[in-house]
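Structural overview
Chain by chain, the residues:
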Amino acid sequence: MFALLATSVASPVWAHDHAAMSKGDAAKMQKHEATDAVKVGNLVFTDAFTRATLPGAKVGGGYISITNEAKEADRLLGGSSPAAARVEVHEMKMDGEVMKMRKLADGVEIPAGGTVELEPGGMHLMLLEIKQPLKKGEDVPVTLEFEKAGKVEIKLKVEAAGATSTGHGQ
Ligand SMILES: [Cu+2]
């Protein structure tokens, strides 16, 4: 009797966690090649990439996974890059049938012990007024600015242009 009760309570929770994890991993594998983790202080950066842009394009997206190993939350406020006039933190969301994007004026919190993924179709870095097309195979240096960790330089690996629209008018 006790064993039956315990099983029925515990199993839905585990089933849910496993489903969420395998779905995310599968999606990531299809999107781009994995890159090595880079650790700076308490922050761990993985899968930093951007997409090649067409001539004349004014914006590019920046994608990266950030894990905070500190005991306190930190906050990604924005950044800068020699390749663009401005770097902002953006969010993309479906609004009915339309994909919309907005600047996150307060940046994004990286919870203590948590991971935030900036990825296509979700939150992302926005490189505005890029100075020249981003070419596949190059690295784009970006200095990220955190509330507590301060400035951290990372490199976005330029991958092939995405098959689907980024939702930024390209
Ligand atoms: Cu954007």
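Just so you know, these numbers come straight off a predicted model, no measurement behind them.

**Here we look at the confidence of the model for the chain**
Here the chain averages 82 in pLDDT, while 75% of its residues score no lower than 70. The low-confidence segment residues 1-30, where pLDDT is below 50, has two contacts with residues more than four positions distant or belonging to other chains.

**Section: the environment of Ala 160**
Looking at the secondary structure, you find Ala 160 in the segment after β11 (150-159). For Ala 160, a relative accessible area of 36% translates into the label partly exposed. The spacing of Ala 160 and Thr 53 is 107 residues in sequence and 8.5 Å in space, taken between C-alpha atoms. If we ignore the near neighbours within four places in the chain, the residues touching Ala 160 are Arg 51, Ala 52 and Lys 136.

**As for the pattern of salt bridges**
Under the counting rule described, the total for this entry stands at eight salt bridges. Residue Lys 39 is joined to Glu 69 by a salt bridge in which the shortest nitrogen-to-oxygen separation is 2.6 Å. In this pair, Lys 39 is assigned in strand β1 (residues 38-40) and Glu 69 in the loop between β3 (59-68) and β4 (74-81), connecting sequence segments 30 residues apart. Of the charged contacts, one joins Glu 88 and Arg 86 as a salt bridge, the two residues approaching to 3.4 Å between their closest N and O atoms. The buried category is assigned to Glu 88, whose relative accessible area is 12%. Owing to a relative accessible area of 39%, Arg 86 belongs among the partly exposed residues under this scheme.

**Focus: the packing of aromatic side chains**
A full pass over the atoms with the stated rule returns two aromatic pairs. Ring centres of Phe 49 and Tyr 63 lie 5.1 Å apart, and the angle between their planes is 40°; this geometry places the pair in the tilted category. Of this pair, Phe 49 sits in strand β2 (residues 43-51) while Tyr 63 sits in strand β3; the two residues are 14 residues apart in sequence, bridging distant segments of the chain. Among the residues examined, Phe 49 registers a relative accessible area of 3% and is labelled buried.

Definitions and limits used
Residues numbered from 1 in each chain as written. Predicted model: local features only at pLDDT ≥ 70, side-chain atom pairs only at ≥ 80, totals over all residues. Heavy atoms only, no water. pLDDT = per-residue confidence, 0-100. Contact = heavy atoms within 4.5 Å. Helix = DSSP H or I, 4+ residues; strand = E, 2+ residues; numbered from the N terminus. Buried < 20%, exposed > 50% of the residue type's maximum accessible area, 1.4 Å probe, protein only. Salt bridge = Lys/Arg side-chain N within 4 Å of Asp/Glu carboxyl O. Phe/Tyr/Trp six-rings, centres within 6.5 Å; stacked < 30°, edge-to-face > 60°.

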